[in-house]
Amino acid sequence: MNQKLQARAFERVAPTLQPGERPITATRAMVGSFSASRLGTVVRQGLIQAAAGATGAALARTKKQFLVLTDRRLIFLPQTFLGGPGTGVLGEVSREHVALAEAKIGVVSLLRLAFDGAGDGVTLTFPRVDKKNAEALAAALAPVPTA
């Protein structure tokens with residue numbers, strides 16, 4: 001993704017950051033319910049599937065979003081018509097409640113994020129042009145191995 005878009009996303013969330021909180025990465029993505037498939041999310045961009053939980057369902061209402069991952073939270077912003085980060089926060093989830101449940105990187109990349117391990121979460125779908133952003137987000141969310 002363009003570094004300017006990422007910098008703009010960081011600027012958009014700056015007023016909402018907690019003291020000492022720092023942004024790590026930002027990307028645009030199609031947001032769907034936790035059970036959405038890659039093809040299903042792409043084909044049904046305007047449809048919302050029933051979600052297993054309230055947080056994922058609320059976040060999946062706006063399909064095209066911009067996500068900012070900080071060291072403390074995953075913040076969801078609207079996406080502008082031209083694909084940049086919009087103003088206003090759609091939602092946020094504390095990092096301690098977000099787990100990378102699945103990552104499928106390909107022509108259409110998919111990340112499935114679980115919230116609190118209770119079947120709630122979202123599926124993020126990335127077009128080919130945002131494949132590197134999907135990889136970066138997956139790497140940032142991957143659990144740290146314990147020794």
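Keep in mind that this is a model prediction, so the values were computed, not measured.

Asks: I'd love a proper account of the nonpolar core, names of residues and values included.
Replies: By size, the foremost hydrophobic cluster in this structure holds 18 residues, and its most contacted members are Leu-113 and Leu-124. Broken down by element, the residue count for this core peaks at four residues, all from helix α4 (residues 131–141). Residues contacting Leu-113, with those up to four places away along its chain left out, are Phe-34, Leu-74, Val-98, Ala-99, Leu-100, Ala-101, Asp-120, Gly-121, Val-122, Leu-124 and Leu-141. Listed in part, the eight residues of the second largest apolar core include Ala-9, Val-13, Phe-66 and Ile-75.

Asks: Residues and numbers for the sheet that holds strand β7 (residues 120–126), please.
Replies: On the basis of which strands lie adjacent, the open sheet formed by seven strands has the order β4-β3-β2-β1-β7-β6-β5 and antiparallel pairing. If you trace the sheet from one side to the other, it starts and ends with β4 (91–94) and β5 (98–104), each paired once. Ignoring strand direction, the axes of neighbouring strands in this sheet form an average angle of 30°. When β5 meets strand β6 (residues 109–115), the two strands line up antiparallel, connected through six bridges. Paired with Lys-104 across the strands is Leu-110, a residue of β6. With respect to the sheet, helix α1 (residues 3–13) is in contact with β1 (23–33), β2 (64–70) and β3 (73–78), its orientation differing from that of β1 by roughly 90°. Across the sheet, α4 is in contact with β1, β2, β5, β6 and β7; its angle to β6 comes to roughly 30°.

Asks: Run through the environment of Thr-70, naming residues and quoting values.
Replies: Within the fold, Thr-70 resides in strand β2. If near-sequence neighbours (up to four positions away) are discounted, Thr-70 is found in contact with Leu-17, Glu-21, Arg-22, Pro-23, Ile-24, Ile-75 and Arg-95.

About the cut-offs
Residues numbered from 1 in each chain as written. Predicted model: local features only at pLDDT ≥ 70, side-chain atom pairs only at ≥ 80, totals over all residues. Heavy atoms only, no water. Core = buried A, V, L, I, M, F, W, Y, C linked by side-chain atoms within 4.5 Å. Buried < 20%, exposed > 50% of the residue type's maximum accessible area, 1.4 Å probe, protein only. Helix = DSSP H or I, 4+ residues; strand = E, 2+ residues; numbered from the N terminus. Contact = heavy atoms within 4.5 Å. Pairing = 2+ DSSP bridges. Axes fitted to C-alpha atoms, helices over the stretch in contact; angles between N-to-C directions.

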